[in-house]
Amino acid sequence: WMLANCKNGVSSYEVGRALRVTQRTAWFMLHRIRYAQHHGTINKMSGTVEADETFIGGKARNMHADKREEKIHGRGPEGKTIVFGLLDRETRKVHASVVGSRKKGELQKKVRENVAPGSELNTDALKSYEGLDEYTHKVIDHAEAYVNGHVHTNGMENFWSLLKRTIKGTYVSVEPFHLFRYLDE
């Protein structure tokens, strides 16, 4: 109940105090609950669906010099984990998963696995989304505008904002190895 009803997530310390168990036991329990939440539905999304991706990871300025040297090589998303998400506007359900890259093959495979053909798909202007002809594909170029009528990805952007605030505020630090569990939550 604590995990499902707290919009910003719940820490293992808080669950441990409430259930009078150790923090390690609470952490283990929370991960089992997140795993159970992962197995939602087998139905594909339909109607109007938003697709977007984001980068999750620490800021270079907050890292120790040794860690920064090890993880950060250049500018931008280096050393961060890529997360892809789909939002069904009618049901307000989100499917988010860790992906290895933002390349066309990987992102389009995720879209085709989770969205029914014939649905309206709203994306940003990333070239990887080109060629999704089985959908009514509408694109919003963020260099020009964020909304054009009902064509936008603001719902997914809102989800990313909540996710990042949850990680930063409640969980403080999430290892990339465990990130998929927090996405399931």
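Look up a bit, the structure's there.
Residues numbered from 1 in each chain as written. Predicted model: local features only at pLDDT ≥ 70, side-chain atom pairs only at ≥ 80, totals over all residues. Heavy atoms only, no water.

1. Details of the overall build of the protein chain
Stage number 1. When helices and strands are counted, the protein chain shows 7 helices and 7 strands.
Stage number 2. In sequence order, the protein chain lays out its α and β elements as α-α-α-β-α-β-β-α-β-β-β-β-α-α.
Stage number 3. By residue count, 37% of the 185 residues in the protein chain fall in the buried class.
Stage number 4. Look at the contacts in the protein chain between residues 6 or more apart in sequence, and 57% of them connect residues 24 or more apart. (Helix = DSSP H or I, 4+ residues; strand = E, 2+ residues; numbered from the N terminus. Buried < 20%, exposed > 50% of the residue type's maximum accessible area, 1.4 Å probe, protein only. Contact = heavy atoms within 4.5 Å.)

2. A few points about the side chain of Q108
Stage number 1. As for its position among the elements, Q108 is in helix α5 (residues 104-114).
Stage number 2. Beyond its immediate chain neighbours, meaning those up to four positions away, Q108 contacts S128, Y129, E130, G131 and L132.

3. A closer look at the pairing of strand β3 (residues 93-99)
Stage number 1. Bridge analysis of strand β2 (residues 81-88) against β3 gives 7 bridges, and the strand direction is antiparallel. In the strand pairing of β3, I82 is matched with V99.
Stage number 2. Two successive antiparallel strands, β2 and β3, enclose a turn made up of 4 residues, where R92 displays a positive phi of approximately 60 degrees. (Pairing = 2+ DSSP bridges.)

4. A short note on the environment of S101
Stage number 1. With respect to the helices, strands and loops of the structure, S101 is situated in the loop between β3 and α5.
Stage number 2. Relative accessible area serves as the criterion here: at 17%, S101 is assigned to the buried category.
Stage number 3. Sequence separation between S101 and T81 is 20 residues, and the spatial gap between their C-alpha atoms is 8.9 Å.
Stage number 4. Leave out the neighbours within four places in its chain, and S101 touches I82, E106 and L107.
Stage number 5. At 3.3 Å, the side chain of S101 forms a polar contact with the backbone nitrogen of K103. (Polar contact = N/O pair within 3.5 Å; in protein donor to acceptor, adjacent residues only side chain to side chain.)

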